[in-house]
Amino acid sequence: MTSVVDAGCGVAEGVAARVLRLAGLDTSTVDCEIGWAGPVRLPLRSEDDVQAACGISHVHGRRYGRPTALAVDYASVATGVLAAQGVLAAWLATSRGVPVRRVSTSVAQAALLSVAQYLAAATAGDEPGEPGGPPFTSADGVRFEIETLAAEDWQRFWARIGADPAAIRGGWRPFQHRFATATCPLPAGLHHAAHAVDFAALMEVAARANVSIVPVADEFPAELPPWRRTPVGRPAAGELPAAWSATRPLDGVVVVESCRRVQGPLAGHLLRLLGATVIRIEPPGGDPLRGVPPVVGDCSARFLALNRGKRVVEIDITTASGRREVHELVAGADVFLHNWAPGKAETLALEADALAATRPGLVHAWASGWGDRLGPRPPLGTDYLVQVHSGLAARLGPDRTPSLMTLTDVLGGLVAATGVLAGLLARARTGVGQRVDSSLLSAAVLCRDAPATSRAEPGVDIRTDLAELAADHRFAGALEWDGCCLVRAPWEFG
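Residues numbered from 1 in each chain as written. Predicted model: local features only at pLDDT ≥ 70, side-chain atom pairs only at ≥ 80, totals over all residues. Heavy atoms only, no water.

Caption draft 1: Molecular detail of the packing of helix α7 (residues 151-160) against helix α10 (residues 199-209). Running from N to C, α7 and α10 cross one another at 150°; their axes reach a closest spacing of 9 Å. In this structure, the crossing between α7 and α10 has a hand that is right-handed. For the pair α7 and α10, contact is made by D153, R156, F157 and R160 and by L202, V205, A206, R208 and A209, respectively. For the contact of α7 with α10, a count of residues per class yields 5 nonpolar, no polar and 4 charged. (Axes fitted to C-alpha atoms, helices over the stretch in contact; angles between N-to-C directions. Helix = DSSP H or I, 4+ residues; strand = E, 2+ residues; numbered from the N terminus. Left-handed = near helix turned anticlockwise from the far one by under 90°. Contact = heavy atoms within 4.5 Å. Nonpolar A, V, L, I, M, F, W, Y, C, P; charged D, E, K, R; others polar.)

Caption draft 2: Broad picture of the layout of surface pockets. One number sums up the size of the second largest pocket: a volume of about 390 Å³. Along the walls of the second largest pocket sit 15 residues, with N210, V211, S212, P378 and P379 positioned nearest its centre. Counting residues per element, the ones that place at least two in the lining of the second largest pocket are α10 and β6 (212-215). If you tally residues by element for the lining of the second largest pocket, the top one is α10, at 3 residues. (1 Å grid on protein atoms, 1.4 Å probe; cavity = no way out; pocket = protein on both sides within 12 Å on 5 of 7 lines; lining within 4 Å. Points joined across faces, edges and corners; volume = space filled by probe spheres on them.)

Caption draft 3: Spotlight on the environment of D472. Looking at the secondary structure, you find D472 in the loop between α20 (466-471) and β16 (479-481). Polar side-chain contacts of D472 include one of 2.8 Å to the side chain of R474. (Polar contact = N/O pair within 3.5 Å; in protein donor to acceptor, adjacent residues only side chain to side chain.)

Caption draft 4: Representation of the sheet that holds β6 within the structure. Here 3 strands make up an open sheet; going across it, the order is β4-β5-β6 and the pairing antiparallel. Two strands lie at the open edges of the sheet, namely β4 (136-137) and β6, each paired on one side alone. When strand β5 (residues 143-147) meets β6, the two strands line up antiparallel, connected through 4 bridges. Each residue of the ladder has a partner; that of E147, found in β6, is S212. Packed on one face of the sheet, helix α16 (residues 383-390) meets β5 and β6 and runs near 30° to β6. (Pairing = 2+ DSSP bridges.)

Caption draft 5: Expanded view of the environment of A182. Position of A182 among the secondary structure elements: in the loop between α8 (165-181) and α9 (188-195). Considered as a pair, A182 and G483 are 301 residues apart in the sequence and their alpha carbons are 22 Å apart. When residues no more than four places from it in sequence are discounted, the contact partners of A182 are V59, R62, R63, Y118, L404 and M405.

The following block contains the structure:
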């Protein structure tokens, strides 16, 4: 890879080089250009400028009631992954008959992609909540996060440590919606209740209540690659379909996606932006997140930001007939992507080996929370728990507090999509299908390459209103409208 990099973009270049080495593409005929601003018509010259101008400081700062920059070069790390995606996609297009010699992306485009859900919601009438949020602090001074997706488990945990019933009821809604709003104004009574109990006792209560609890860690775990790839099955009978377009290098590639929330759908969205046909499996009646306000037409704006343009098939995968339908879809696909809980693929008999028997050469991608790092029964693998366990939260600012912006969900989606491209590259070279496992944890560890720094005063205005950002003509080259504001594909190919 020959890089043309704007001054100061070294973090992005380093991440891209690391990711491409893991993919087995140390050298390439593709030129990669990484800039600060790209199509955004602003004088952006640093991570500080990008976070301020493109909404990261605003979204991260919602919990504090004021714009606050991330202390790590998050946008630059995301840019490095995007750049690697572009190079891999260009190589795949070239190997399929359409030469692509150049790819470009920018830190501004990566930043806008990282706030895409919030941008879509803001331009559909959403109003963020009040400041506040976890983590909590125990009686013995341990700072920690909790997670549950069930209201009854939430109630059981807090009731058992003596929290006021009104505080328990009042805290559930903001806690449940913090992924969407980046705010979580919890009643003070919950913090008081947690602060009255030692952490060991809280762990016991959480286990009985089926609530995940994780202390804030100070250091990143030992070296963890962004993904793990292993060959699966026998060689495929044919090659990947021929490419059609240099601007859409995955044209002709078919992805079957069975994912929820952010990480997996974002990975599928990125593959679609690269030209792939994405067939999304949803349960009968559709994904419930389609109806989460604010709504554009008949669909959630946040959902559109991750899922527009995908073909949807409703299947009950818990039934034998539903699983047969999945095999029928996979028989004509190149990639199967899911973010199911650990062990679910094996329970459903839809694991890599089973699907490879139906489709030799298939790339089977699992985008998880923890991978196999925490054993067979890990905590819930959601964004904020991964932030605190991975050491990322401790690097975000002096108070060692996780961001309520979905940092690892977004970075995890970027890594999952890149792993898929690496799997397609390996299949193109060997003819053998691939299993590619990535996780939120492995994505968070990439931020090791972005050392925590004291932020400088940005040289541009700090955005405090995403709807105003979307209406600013200087962002028109990076954004588009379809009932709400959406982020364009973050690469240019030539």
